[in-house]
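# Survey of secondary and tertiary structure
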Amino acid sequence: MCLAIPAQIVELQEEGMARVRVGESQTFLTASVMLLPEPPQIGDYVILHAGFALHTMTPQEAQDSLAALRELAEAMEGTPAPF
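Below is a short write-up of the structure. Being a predicted model, the structure only gives us computed values, none of them experimental. Residue positions are given per chain, counted from 1 along the sequence in the order it is written. Only residues with pLDDT of at least 70 get local features here, since the model is predicted, and only at 80 or more are side-chain atom pairs given and counted; chain-wide, interface and lining totals rely on the full set of residues. Heavy atoms from the whole structure form the basis of all side-chain values; hydrogens and water molecules are not counted.

## A look at the pairing of strand β2 (residues 17–22)
Cut-off, in case you're wondering: The rule is simple: take the accessible area with a 1.4 Å probe, protein chains only, and divide by the maximum for that residue type; under 20% is buried, over 50% is exposed, in between is partly exposed. Under the scheme used here, helices are H or I runs from DSSP no shorter than 4 residues and strands are E runs no shorter than 2 residues, and both carry numbers assigned from the N terminus. Pairs of strands are assigned from DSSP output, requiring at least two bridges between the strands.
Every second residue of β2 is oriented toward a common face, the buried set being Ala 18, Val 20 and Val 22 and the non-buried set Met 17, Arg 19 and Arg 21. Examined bridge by bridge, strand β1 (residues 5–12) and β2 share five bridges and lie antiparallel to one another. Bridged to Ala 7 within β2 is Val 22. In this antiparallel pair of consecutive strands, β1 and β2, the connection spans four residues, and Glu 15 shows a positive phi of 60 degrees. In this sheet, strand β3 (residues 28–32) lies alongside β2 in antiparallel orientation, the contact comprising five bridges. Residue pairing for β3: Met 17 is matched across the bridge by Ser 32. Connecting the antiparallel pair β2 and β3 is a turn made up of five residues, with Gly 23 showing a positive phi of about 55 degrees.

Encoded structure:
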């Protein structure tokens with residue numbers, strides 16, 4: 001199963017890369033933004049999979065996706081999700 005996670009761009013870097021914050025956690029990753037159809041901006045939310053931002057999403061879409069992932073993780077584990 002493949003899982004894509006909402007992340008927020010916090011810094012644009014050189015060569016099509018960006019620093020992103022995963023969900024609402026304190027986890028930060030470097031991801032490629034080269035696959036996005038439009039240049040991203042700091043603060044944009046993206047769907048992140050395997051180190052690549054696949055498309056942008058609205059803040060509401062990101063929050064809805066995170067809420068659904070939290071519910072799923074809590075149902076499977078019985079504990080609150082870390083994101």
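Next, the rest of the story.
## Digging into the pattern of salt bridges
Definition in use: Should a side-chain nitrogen of Lys or Arg be within 4 Å of a carboxyl oxygen of Asp or Glu, the pair is scored as a salt bridge.
Taken as a whole and assessed by the stated rule, the structure comprises one salt bridge. Salt-bridge contacts for Arg 70 lead to Glu 24; the nearest nitrogen and oxygen are separated by 2.9 Å. Of this pair, Arg 70 sits in helix α1 (residues 59–77) while Glu 24 sits in the loop between β2 and β3, placing them 46 residues apart in sequence. Under the relative-accessibility criterion, Glu 24 is labelled partly exposed at 41%.

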